[in-house]
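Below, each chain spelled out in residue letters.
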Amino acid sequence: MHIVRSPKDFFAGLIYLGFGVAGLWFGAAYSMGTAGRMGAGYFPKVLSGLLVLLGLFAIIRALRVEGSPVGAIRWKPLVLILAGCSLFGMLLQPLGMPIALFILMLCCAMASREFRWDPRALAGALGMVAICALVFIKGLSVQMPLVGDWLTALLGNG
């Protein structure tokens, strides 16, 4: 009998746990604030704490419940999702949040086997970008540019 009964859950739990601990460590210097007046460290610490709990839960479950083995790595989705996240970070300042977010969503959507160029999917993605801009930039005042430096210079407003 193996100690780890569900290798897939076990390794997923280790990944969650690792990212959670890293987030708590990197965010330790940021002030927490309160739920009503969040500091810079509030969201990262809460999210990292949840990742730690989720990781521990997955590891405990992997030791108790029979599950599936780890399959082959699907490289295309892995590369596309990592590329999308990296491009978002690199393009946020020069192009602005809406364009960077759309590129992120496109890369992640292309990682799916069911991805198709569809007008409804495009409309949904554009709607999601608009909602994110309203919620995060206008509603929560998150410091992300709507229009990036490159576009400002290109349009002659800089």
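Residues numbered from 1 in each chain as written. Predicted model: local features only at pLDDT ≥ 70, side-chain atom pairs only at ≥ 80, totals over all residues. Heavy atoms only, no water.

Caption draft 1: Spotlight on the packing of helix α3 (residues 75-95) against helix α4 (residues 97-110). Relative orientation of the contacting elements α3 and α4 amounts to 175°, with a least axis distance of 8 Å. Looking at the two axes, α3 sits roughly antiparallel to α4. Facing K76, L80, I81, G84, C85, L87, F88, L91, L92 and L95 of α3, the residues of α4 in contact are M97, I99, A100, L101, I103, L104, C107, C108 and M110. A breakdown of the residues in the contact of α3 with α4 according to their chemical character gives 17 nonpolar, one polar and one charged. (Axes fitted to C-alpha atoms, helices over the stretch in contact; angles between N-to-C directions. Helix = DSSP H or I, 4+ residues; strand = E, 2+ residues; numbered from the N terminus. Parallel < 35°, antiparallel > 145°, perpendicular 65-115°, else oblique. Contact = heavy atoms within 4.5 Å. Nonpolar A, V, L, I, M, F, W, Y, C, P; charged D, E, K, R; others polar.)

Caption draft 2: Structural view of the packing of aromatic side chains. Within this structure, the stated rule accounts for three aromatic pairs. Both rings, one in F10 and one in F11, keep their centres 5.5 Å apart while their planes meet at 75°; by these two values the pair is edge-to-face. The partly exposed category is assigned to F11, whose relative accessible area is 44%. Between F115 and W117, the aromatic rings sit 5.4 Å apart at their centres with planes inclined by 70°, giving edge-to-face as the arrangement. Residue classification places W117 among the exposed positions, given a relative accessible area of 67%. (Phe/Tyr/Trp six-rings, centres within 6.5 Å; stacked < 30°, edge-to-face > 60°. Buried < 20%, exposed > 50% of the residue type's maximum accessible area, 1.4 Å probe, protein only.)

Caption draft 3: Unusual backbone geometry, seen in detail. Although it is not a glycine, S141 sits at a positive phi angle of roughly 55°. By secondary structure assignment, the location of S141 is in the loop between α5 (119-139) and α6 (149-155).

Caption draft 4: Inspection of the pattern of salt bridges at higher detail. Scanning the entire structure with this criterion turns up two salt bridges. E66 is the salt-bridge partner of R5, the closest N and O atoms lying 3.4 Å from each other. A residue pair is termed long-range when its members are at least 10 positions apart, and R5 in the segment before α1 (7-26) and E66 in the loop between α2 (42-64) and α3 qualify at 61 residues. On the basis of relative accessible area, R5 is assigned to the partly exposed category, the value being 31%. A residue is classified by how much of its surface remains accessible, and E66, at 57% relative accessible area, is exposed. Measuring nitrogen to oxygen at the nearest pair gives 3.1 Å for the salt bridge that ties D9 to R61. Here D9 is found in helix α1, whereas its partner R61 is found in helix α2, with 52 residues between them in sequence. Look at R61 and you get partly exposed, because its relative accessible area is 38%. (Salt bridge = Lys/Arg side-chain N within 4 Å of Asp/Glu carboxyl O.)

Caption draft 5: Layout of the nonpolar core. Among the nonpolar cores identified, the biggest contains eleven residues, and these are L91, L92, L95, M97, A100, L101, L104, V129, C132, A133 and I137. When neighbours within four sequence positions are excluded, I137 is seen to be in contact with M97, C132, V142, M144, P145 and L146. (Core = buried A, V, L, I, M, F, W, Y, C linked by side-chain atoms within 4.5 Å.)

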